[in-house]
Amino acid sequence: MMFLSNVTVFMPPVLTLIGIPGLESVQCWIGIPFCVMYIMAMIGNSLLLFIIKTEPSLHEPMYIFIGMLGVTDIVIDTSIMPKMLGIFWFHVSEIYFDSCLFQMWLLHTFQCIESGILLAMALDRYVAICYPLRHATIFTHKLVVQLGTVVILRAAILSAPCIFLIKYRLQFYHTTIISHTYCEHMAVVKLAAGNIKINKIYGLFVAFTVTGFDLTFITFSYSQIFVTVFHLPQKEARLKAFNTCIAHIFVFLQLYLLAFFSFFTHRFGSHIPTYIHILFSSMYLLVPPFLNPLVYGVKTKQIRTNVVKLCCSSNPD
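Because the structure is predicted, anything quoted here is derived from the model rather than measured.

Asks: Whenever I open this one, the nonpolar core confuses me. Can you help?
Replies: Core analysis: the largest hydrophobic core is formed by 95 residues, its most contacted members being Ile 66, Ile 166 and Ile 178. Considering each element in turn, this core owes the most residues, 19 residues, to helix α3 (residues 97-130). With sequence-adjacent residues up to four places away left out, Ile 66 is seen in contact with Leu 48, Ile 52, Met 121, His 248, Tyr 296 and Ile 303.

What follows is the structure, encoded as structure tokens:
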């Protein structure tokens, strides 16, 4: 619960994250599956990166993008989980104001990067399936580097004003207690005693700009892929083409469905209990990094083959 009063605090040096409001008594138990998912995500994504780096046959655009997604997932999870588990298990709830803003910037920047990588993967599959003879000449390593640079710069530039608008515009706060497990943008903004309209508008602008642009082109890419696949004359060719996309589609759907639910319930779901908001916001950040390496490991033949090869070579018996 957020306590409001007529007393305001000027630029508080420390904020307090209380975790999941209403579930404080069971947070220590909630931390167990969260910790398991975090460890599995770290192992899975690290293994994925190791295989892609050490296997020359995987130095292709699709696998490079999967590797970039793995790095993004590791950063997102690591930016929130140590502090979250500290709150759940050790009641270490305080966080420096500047550290909170840095966590917020890191989190939202890499969420934006993740969305951009999914767009790049969709475009790669679009060219590979709709224009297979031109794929190697279009999606060169130079283009992959350029796309990666644009995705990173876009995320960093769009996320930075959120931090500056809080740091230099909101200086008085009703409370220093954040009803959340991490420093989420709106959860911090709502602490302020001043006019937060500009902060809310910019937050919505970034969310809809990034999501709207990426979703439009991702949807276009996969719709064109489906049209092309269904027009292939042979059933085997259709299945093979579709199978190269199914892992990407699953990752795309589970990320955006969780994101939309979290986003809209946090802003418009006033009738939904607060602990549901916080749980889904946390799950939205934890589940994709946990599932992504499993999905790509199972559905991508080249990665699956190299995982089996690595396991066999490490166990000579």
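Text resumes after the structure shown.
Asks: In this structure, what is going on with the state of the cysteines? I would like to understand it.
Replies: Each disulfide consists of a covalent bond between the sulfur atoms of two cysteine residues. Scanning the model with the defined rule gives one disulfide in all. Bridging Cys 100 to Cys 183, the disulfide has an S-S length of 2.0 Å. Handedness here is read from the sign of the S-S torsion; for Cys 100 and Cys 183, about -125 degrees, the answer is left-handed. Of this pair, Cys 100 sits in helix α3 while Cys 183 sits in the loop between β5 (177-178) and α6 (185-189), and the two are 83 residues apart along the sequence. Pair check on accessibility: Cys 100 and Cys 183 agree, each one buried. Cysteine Cys 35 is unpaired, with the sulfur of Cys 28 as its nearest cysteine sulfur at 13 Å. Residue classification places Cys 35 among the buried residues on the basis of a relative accessible area of 16%. Of the cysteine sulfurs around Cys 162, a residue in no disulfide, the closest is that of Cys 112, at 10 Å. Exposure remark for Cys 162: the relative accessible area of 9% places this residue in the buried category.

Asks: Where do I start with the UniProt feature "transmembrane region" (unreviewed entry) in the chain in this structure?
Replies: Within the UniProt annotation, "transmembrane region" (unreviewed entry) is assigned to residues 7-23, 29-51, 63-90, 102-123, 143-166, 201-220, 241-263 and 275-296. Here residues 7-23 is 0% helix and 35% strand, with 28 Å between the C-alpha atoms at its ends. Helix and strand shares over residues 63-90 are 100% and 0% respectively, and the end C-alpha atoms of the span are 39 Å apart.

Asks: Teacher, can you tell me more about the packing of aromatic side chains here?
Replies: Under the counting rule described, the total for this entry stands at 13 aromatic pairs. Note on Phe 34 and Phe 88: the rings are 6.1 Å apart at their centroids and 50 degrees apart in plane angle, and the pair reads as tilted. Of this pair, Phe 34 sits in helix α1 (residues 27-54) while Phe 88 sits in helix α2 (residues 61-90); the two residues are 54 residues apart in sequence, bridging distant segments of the chain. Consider the rings of Phe 97 and Tyr 173, whose centres lie 5.8 Å apart with planes at 70 degrees: the pair is edge-to-face. Of this pair, Phe 97 sits in helix α3 while Tyr 173 sits in strand β4 (residues 172-173), and the two are 76 residues apart along the sequence. Here Phe 97 matches Tyr 173 in class, with each residue buried. Following the ring pairs from residue to residue traces out a cluster consisting of Tyr 126, Tyr 131 and Phe 220.

Asks: Honestly, the pattern of salt bridges in this entry has me stumped. Any pointers?
Replies: Where charged atoms from two side chains of opposite charge come close, those side chains can pair. According to the stated counting rule, one finds three salt bridges in the structure shown. In this structure, Lys 167 engages Asp 98 in a salt bridge whose closest nitrogen and oxygen atoms are separated by 2.7 Å. In this pair, Lys 167 sits in helix α5 (residues 141-169) while Asp 98 sits in helix α3, placing the two residues 69 residues apart along the sequence. When its relative accessible area of 22% is taken as the criterion, Lys 167 is described as partly exposed. Relative accessible area serves as the criterion here: at 47%, Asp 98 is assigned to the partly exposed category.

Asks: Whenever I open this one, the sheet that holds β5 confuses me. Can you help?
Replies: The strand order β3-β2-β5 describes an open sheet built from three strands, whose pairing is mixed. Because the sheet does not close on itself, it has two edges, and the strands there are β3 (94-96) and β5. Of the strands in this sheet, β2 (14-17), β3 and β5 are in contact with α3, which crosses β3 at around 85 degrees.

Asks: I'm lost on unusual backbone geometry in this one. Help?
Replies: Negative phi values dominate among residues other than glycine, just as trans dominates among peptide bonds. For Met 11, which is not a glycine, the phi torsion comes out positive at approximately 40 degrees. A positive phi angle, near 55 degrees, is found at His 91, a position not held by glycine.

Reading guide: rules and limits
- Residue indices follow the written sequence of each chain, beginning from 1 at its first position.
- Residues qualify for local features only when their pLDDT is at least 70, as the model is predicted, and side-chain atom pairs are given and counted only at 80 or more; totals for whole chains, interfaces and linings, by contrast, use all residues.
- As a rule here, side-chain values cover all heavy atoms of the structure and leave hydrogens and water aside.
- To form a nonpolar core, buried Ala, Val, Leu, Ile, Met, Phe, Trp, Tyr and Cys residues must be joined to one another through side-chain atoms within 4.5 Å.
- Burial classes: relative accessible area under 20% of the type maximum marks a residue as buried, over 50% as exposed, and values in between as partly exposed (1.4 Å probe, protein chains only).
- The helix count covers DSSP runs of H or I at least four residues long, the strand count covers runs of E at least two residues long, and both are numbered beginning at the N terminus.
- Residue contacts follow a heavy-atom distance rule, with two residues in contact if any of their heavy atoms lie within 4.5 Å.
- Cysteine sulfur atoms are paired as a disulfide whenever they come within 2.5 Å of each other.
- UniProt positions are given in the numbering used here, feature names are shortened, and annotations may be inferred rather than shown by experiment.
- Centre distance within 6.5 Å is the pairing criterion for rings of Phe, Tyr and Trp, where only the six-membered ring of Trp is used; planes under 30 degrees apart are then read as stacked, over 60 as edge-to-face, and the remainder as tilted.
- Take a side-chain nitrogen of Lys or Arg and a carboxyl oxygen of Asp or Glu: if they are within 4 Å of each other, that pair is a salt bridge.
- A pair of strands is treated as paired once DSSP finds two or more bridges between them.
- To define axes, lines are fitted to C-alpha atoms, for helices over the stretch in contact only, and angles between the resulting N-to-C directions are given on a 0 to 180 degree scale.

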